[in-house]
Amino acid sequence: MRDRRMVTDEELFAVGGRLCHPARRGTITYRLTLARLGEQSQDSHPEVVLGDALLRRGVPIVPQWELSLPGEVTTHPDLSVPEVRWGIELDLHHEHRSLEGAQRDARRMRSRHRGDWQVEPVTELDMVDVERLADELLSLYRERARSIGVLNVQTGGTRHSGALQHSDG
């Protein structure tokens, strides 16, 4: 009898972590499919709206990417592009404005910096004009990709490479 073992969500996410890249065809579709598996995604409506605006601009955004840094608690940036270690946190809930919430956010941000991640905070007022915000975040994404040698400055396209190529300076 044939083995009819099903693939787990974790295995599918691991495959995406190994194979997805901004220059690889199908990456966005694969990630969007995984994001819609149900339990894995914790997207709020503002995250979906902003994520869609960024996807329309060609940013290969991934919702709720699992970010595990050595010696740190695993976190899930609201939106991210793992290949360039760039993310977005939507700090819209009232708990982000409490002293404890602000402290947790600051610690999480410092932890991500130690892991060489650049994370952009987004506030409720930022979300008033999502199109303007998406344009601004597109610019920051491109700057980040260029700074680590993933984005071709002349064409604006991403380099076709299986791995990140870091620039020397």
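It should be noted that the structure appears before, not after, this text.
Residues numbered from 1 in each chain as written. Predicted model: local features only at pLDDT ≥ 70, side-chain atom pairs only at ≥ 80, totals over all residues. Heavy atoms only, no water.

Peer 1: Please clarify how the nonpolar core should be interpreted in this entry.
Peer 2: Inside soluble globular proteins, nonpolar side chains tend to come together where they are buried. Membership of the largest hydrophobic core comes to 24 residues, with the highest contact counts inside it found for L50, L54, I61, W86 and I88. Every element with two or more residues in this core is listed here: α3 (45–56), β2 (79–81), β3 (86–90) and α5 (130–147). It is α5 that provides the largest number of residues to this core, a total of 7 residues. Dropping the residues within four chain positions of it, L50 is found in contact with L79, I88, L90, V122, M127, V130, L133, A134 and L137. (Core = buried A, V, L, I, M, F, W, Y, C linked by side-chain atoms within 4.5 Å. Buried < 20%, exposed > 50% of the residue type's maximum accessible area, 1.4 Å probe, protein only. Helix = DSSP H or I, 4+ residues; strand = E, 2+ residues; numbered from the N terminus. Contact = heavy atoms within 4.5 Å.)

Peer 1: I would appreciate a short explanation of the pairing of β3 in the present structure.
Peer 2: Two faces belong to every sheet, and in a regular strand the side chains alternate between them. Burial analysis of β3 places 5 of its 5 residues in the buried class, which makes it a mostly covered element. In β3, alternate side chains face the same way, and those of W86, I88 and L90 on one face and G87 and E89 on the other are all buried. Pairing analysis gives 3 bridges linking β2 to β3, with the strands arranged antiparallel. Across the sheet, the residue bridging to V81 is W86, located in β3. Here β2 hands over to β3 after 4 residues, with R85 in that stretch at a positive phi of 50 degrees. Relative to strand β4 (residues 118–122), β3 runs parallel, the two sharing 5 bridges. Directly across from W86, in β4, lies its bridge partner Q118. (Pairing = 2+ DSSP bridges.)

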